[in-house]
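# Residue-level structural notes
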Number of protein chains: 2
Amino acid sequence: MSNRSEPASRLEAQVAFLREADKLKSVLRASRLIDGARRENSAEHSWHVMLYALVLADQAAPEVRIDRAIRMLLLHDLVEIDAGDAPIHGAVDHAAMAAKEIAAADRLFAMLPNDQAQDFRALWDEFEAAETPDALFAKSIDRIQTPVGNLASGGGTWADYNVTLDQMDTRVGIPVDKGTPGIWAWLRPQIKAFLGDSKTN
Amino acid sequence: MSNRSEPASRLEAQVAFLREADKLKSVLRASRLIDGARRENSAEHSWHVMLYALVLADQAAPEVRIDRAIRMLLLHDLVEIDAGDAPIHGAVDHAAMAAKEIAAADRLFAMLPNDQAQDFRALWDEFEAAETPDALFAKSIDRIQTPVGNLASGGGTWADYNVTLDQMDTRVGIPVDKGTPGIWAWLRPQIKAFLGDSKTN
């Protein structure tokens, strides 16, 4: 390929990736909209958790770079285009799901020009590893939106999956407490009050 | 209010705003998903244009701060919770719509703690004014996603609104050319070829 044609083919690769990303709007999560009208999809969920990250930035550790965490959340669910969404309270084969998500990351990010493919993949890998301050904050934020919605809408997925406070402590509390301990301290008593009074506990 | 209770009430205000934002998932745009399955909502559109901004960052003027433009796009459609979406090719009373959007911004951002209410409102005002490099880039990106989808899906909203190339030049070309001229130079010939061969031109 000549240098002259490279910019157009770079742009074509980028736009092909952006067209492919449209499919995330058709990946349904277990959770519903707060008004109960329908299940939430992973694209609108991604938008919502980015807004959570921006609004709740003051709950992050001081070393967290909020815009970098927002970038992670922008990309974090793209792999679901191939792998689907694994409900947090569902019976999921985590090894099989991780393998599917890695294959999806291999395929999807490779649609981009090399430099971006590497940058985006590194950001996704860092999010998945959940070790850096940015990733711990982003992972925490990703876990907060559904319980907040469930509390506002009569229990949501908690009733569907017969969720207990122990499960919430393990699957939500641990990651949320690592990234945004102030939010978990505020949220847990509400979850406890709700699940303690519900038939699902 | 005592200082001691302030952090909890700050968090409560923030979460009330985030719950209210859930309603953006129920605001429907004129455009459809690329697969034609249904109309797109403004929350998933917001996610998609943020991805466009990140992927197409190399099309921005050098002074553009991409993360700041992404923040603008994260917030840009929130006012539609009250004002609804105004289709770009529809017959819209622009003065009335602007008044509705300003009233929506007044109500929604005021749900946040004062510092954030002011920061978010300033960012939204800057986006709407479309004068700074960040806003020109964000506005341009916001105009690109629908034509890219229309080209990939047999015309989409162009057929619905009987859109001509002149209209595209005015309503899409001018803002896109201001923020990302390289994209308009690449996109216009494709739009021209499509509309020139279609019955809608």
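What counts, and at which threshold
- Residues numbered from 1 in each chain as written.
- Chains lettered and ligands numbered in written order.
- Predicted model: local features only at pLDDT ≥ 70, side-chain atom pairs only at ≥ 80, totals over all residues.
- Heavy atoms only, no water.
- pLDDT = per-residue confidence, 0-100.
- Contact = heavy atoms within 4.5 Å.
- Least-squares fit on C-alpha atoms with pLDDT ≥ 70 in both.
- Helix = DSSP H or I, 4+ residues; strand = E, 2+ residues; numbered from the N terminus.
- Axes fitted to C-alpha atoms, helices over the stretch in contact; angles between N-to-C directions.
- Parallel < 35°, antiparallel > 145°, perpendicular 65-115°, else oblique.
- Left-handed = near helix turned anticlockwise from the far one by under 90°.
- Nonpolar A, V, L, I, M, F, W, Y, C, P; charged D, E, K, R; others polar.
- Expected span 1.5 Å × (residues − 1).
- Bend = angle between axes of the 7 residues up to and from the residue.
- Buried < 20%, exposed > 50% of the residue type's maximum accessible area, 1.4 Å probe, protein only.
- Buried area = accessible area lost by both parts, 1.4 Å probe.
- Salt bridge = Lys/Arg side-chain N within 4 Å of Asp/Glu carboxyl O.
- Polar contact = N/O pair within 3.5 Å; in protein donor to acceptor, adjacent residues only side chain to side chain.

Residue and element names in this part refer to chain A. Predicted confidence across chain A gives a mean pLDDT of 93, with 94% of residues reaching 70 or more. For residues 1–5, every residue scores under 50 in pLDDT, and the model assigns this stretch 2 contacts once sequence neighbours within four places are set aside. Prediction confidence for the complex, expressed as pTM and ipTM, is 0.94 and 0.94 respectively.

Okay, the relation of the copies chain A and chain B next. Superposition record for chain A on chain B: RMSD 0.0 Å, screw rotation 180°, translation along axis 0.0 Å. In the structure described here, the two chain copies are related by an operation that fits a two-fold rotation axis. Both copies share a contact surface, since 100% of the interface residues of chain A are interface residues in chain B too.

Let us now look at the environment of alanine 61 of chain B. Structurally, alanine 61 of chain B is set in the loop between helix H2 (42–55) and helix H3 (66–75). Each C-alpha atom of the pair alanine 61 of chain B and alanine 86 of chain B lies 28 Å from the other, and the pair is 25 residues apart in sequence.

Attention now moves to the packing of helix H5 (residues 94–109) of chain B against helix H6 (residues 114–129) of chain B. All names here are of chain B. At a minimum axis distance of 10 Å, the contact between H5 and H6 shows a crossing angle of 160°. By the angle between their axes, H5 is roughly antiparallel relative to H6. Classified by chirality, the crossing of H6 by H5 is right-handed. Contacts between H5 and H6 involve Glu101, Ile102, Ala105, Asp106 and Phe109 on the former and, on the latter, Ala117, Phe120, Arg121, Trp124 and Glu128. Residue classes in the contact of H5 with H6 are distributed as 6 nonpolar, no polar and 4 charged.

What follows concerns helix H9 (residues 165–179) of chain B. Residues and elements named next belong to chain B. Between its first and last C-alpha atoms H9 spans 20 Å; for 15 residues at 1.5 Å apiece the expected length is 21 Å, and the two agree. At glycine 173, H9 is deflected by roughly 45°, the largest bend along its length, and proline proline 175 occurs up to four residues later in sequence. The complete set of buried residues in H9 reads Leu165, Met168, Val172, Gly173, Pro175, Val176 and Gly179.

So, on to the packing of helix H2 (residues 42–55) of chain A against helix H7 (residues 133–152) of chain A. Residue and element names in this part refer to chain A. Running from N to C, H2 and H7 cross one another at 110°; their axes reach a closest spacing of 9 Å. Between H2 and H7, the angle is such that the two are roughly perpendicular. For the crossing formed where H2 meets H7, the hand is right-handed. Residues His45, His48, Val49, Tyr52 and Ala53 of H2 form the contact with H7, whose own contacting residues are Phe137, Ile141, Asp142, Ile144, Gln145 and Val148.

So, on to the interface of chain A and chain B. Taken together, the contacts link 49 residues of chain A with 49 residues of chain B. Contact between chain A and chain B buries roughly 4400 Å² in total, counting both sides, with carbon and sulfur atoms accounting for 69%. For the interface between chain A and chain B, the tally reads 6 salt bridges. In this structure, aspartate 67 of chain B engages arginine 71 of chain A in a salt bridge whose closest nitrogen and oxygen atoms are separated by 2.8 Å. At the junction of chain A with chain B, the criterion picks out 28 residue pairs in polar contact (both at pLDDT 80 or more). Among the secondary structure elements, those contributing two or more residues to the side of chain A that touches chain B are helix H1 (6–21), strand S2 (39–41), H2, helix H3 (66–75), helix H6 (114–129), H7 and helix H10 (181–197) of chain A.

The next thing to look at is the pattern of salt bridges. Scanning the entire structure with this criterion turns up 38 salt bridges over all chains. The closest approach of N and O atoms between glutamate 40 of chain A and lysine 25 of chain B, which form a salt bridge, is 2.7 Å. Pair noted here: glutamate 40 of chain A is in strand S2 and lysine 25 of chain B is in the loop between helix H1 (6–21) and strand S1 (28–32), and the two residues belong to different chains. Side by side, glutamate 40 of chain A and lysine 25 of chain B carry an identical accessibility label, which is buried. Taking the shortest distance from any N to any O, the salt bridge between arginine 68 of chain A and aspartate 134 of chain A comes out at 2.8 Å. Highlighted residues: arginine 68 of chain A in helix H3 and aspartate 134 of chain A in helix H7, separated in sequence by 66 residues.

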